[in-house]
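Residue strings, one per chain:
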Amino acid sequence: MKVMVLPSAADAEHHVAALFAKQLRRKPDSVLGLATGGTPVGVYRALAAAHRAGAADFARARTFNLDEYAGLPETHPQSYAAYMKAHLFDLVNLSPARTHLPDGEAANAEDACRFYDALYRYYGPADLQLLGIGLNGHIGFNEPGFAPAPGGTHVVRLDESTRRANARFFGEGEQVPEYALTMSAGRILQARSIVLLATGAAKATIVVRALEGPIGTDCPASLLQLHPDATFVLDIEAAGKLEPETAAGPPLERG
Ligand code: GLP
């Protein structure tokens, strides 16, 4: 596992955006795995700026998002479909036909999961997958202690702690959905290259667990230790509780 520590959240976001722009230049028809949440907003802002500057062409790219809330129409501002449009899709040259998210408002969520997984198996795996990390170590919406999902994308019940953490994005009196559709941890690990971005002191404890703790489903992000090309990109605060030798990473990977 590679670890890269950068001085500020903005530096970390720019570094990750540059990795995506470079991926697009190296392989214009890349499959990009995308994430939502507060953490990647700055990455998408930097990528949109790179696009305007002519340094990131999405015309032939295809994107797959990790997850979507169950029961939210894509027009709901807190749906991940709306998030992706607002933060990236409407700001770059990505045709909607090449952007994919699980269908959160499908009448039959299981069918929607099967369809999404079939699409991912056809076009994927992702050349480069962006991840955030939940305060409890979740990746996508694979919550601690998740059961194996041989079918790949599946419906999950969200942890109360995740619903509380995400309540900040929802309006007063609005409920965070109880269920979500998520790509499985197994599918996520199929990506050729993975970059997990974590910023801010609130993530410092779970970052230690994921990087220095044992590999186990009680911390889904720890499974990334099994991946041959996974990098944690951290700001100083998120790296604040790591052992110095973990934070240093391999010599060539230092920020
Ligand atoms: C969300 C998403 C994850 C994300 C995580 C952290 O619920 N499903 O993909 O990584 O929680 O979010 P944030 O970046 O807002 O801390």
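Caption draft 1: Broad picture of the side chain of Thr39. Mapped onto the secondary structure, Thr39 falls in the loop between β2 (31-34) and α2 (41-52). Once residues lying within four places of it in the same chain are set aside, the contact partners of Thr39 are Glu13, Leu197, Ala198, Thr199 and Lys203.

Caption draft 2: Molecular detail of the sheet that holds strand β3 (residues 62-65). The strand order across the open sheet built from seven strands is β1-β10-β9-β6-β2-β3-β5, with neighbouring strands paired in parallel fashion. Among the strands making up the open sheet, the edge pair consists of β1 (2-6) and β5 (99-100). One ladder, built from five bridges, connects strand β9 (residues 194-198) with strand β10 (residues 230-235); its direction is parallel. Its bridge partner being in β10, Ile194 is matched across the sheet by Ala230. Along the sheet, helix α7 (residues 204-212) contacts β1, β9 and β10; its crossing angle with β10, the most-contacted strand, is approximately 155°.

Caption draft 3: Up close: the sheet that holds strand β4 (residues 67-69). Strand order in the open sheet formed by three strands is β4-β8-β7, and the pairing between neighbours is antiparallel. Across the chains shown, the open sheet's two edge strands, defined by having one partner strand only, are β4 and β7 (154-157). Within the sheet, the average angular offset between the axes of one strand and its neighbour, ignoring direction, is 30°. Where β4 meets strand β8 (residues 179-182), three bridges bridge the pair, whose relative direction is antiparallel. When the sheet's bridge partners are listed, Asp67 is paired in β8 with Thr182.

Caption draft 4: Geometry of the packing of helix α1 (residues 9-26) against α2. For the pair α1 and α2, the least separation of the axes is 8 Å and the interaxial angle reads 50°. With respect to their mutual orientation, α1 and α2 come out oblique. Judged by the twist between their axes, the crossing of α1 over α2 is right-handed. Across from Glu13, His14, Val16, Ala17, Phe20 and Ala21 in α1, the residues of α2 making contact are Gly42, Val43, Ala46 and Leu47. Residue composition of the contact of α1 with α2, by class: seven nonpolar, two polar and one charged.

Caption draft 5: Up close: the pattern of salt bridges. For the structure shown, the criterion picks out ten salt bridges. Its salt-bridge partner being Asp127, residue Lys27 comes within 3.0 Å of it at the nearest N-O pair. Of this pair, Lys27 sits in the loop between α1 and β2 while Asp127 sits in the loop between α4 (109-123) and β6 (128-131), placing them 100 residues apart in sequence. Using a relative accessible area of 7% as the deciding quantity, one classes Asp127 as buried.

Quick notes on the rules
Residues numbered from 1 in each chain as written. Predicted model: local features only at pLDDT ≥ 70, side-chain atom pairs only at ≥ 80, totals over all residues. Heavy atoms only, no water. Helix = DSSP H or I, 4+ residues; strand = E, 2+ residues; numbered from the N terminus. Contact = heavy atoms within 4.5 Å. Pairing = 2+ DSSP bridges. Axes fitted to C-alpha atoms, helices over the stretch in contact; angles between N-to-C directions. Parallel < 35°, antiparallel > 145°, perpendicular 65-115°, else oblique. Left-handed = near helix turned anticlockwise from the far one by under 90°. Nonpolar A, V, L, I, M, F, W, Y, C, P; charged D, E, K, R; others polar. Salt bridge = Lys/Arg side-chain N within 4 Å of Asp/Glu carboxyl O. Buried < 20%, exposed > 50% of the residue type's maximum accessible area, 1.4 Å probe, protein only.

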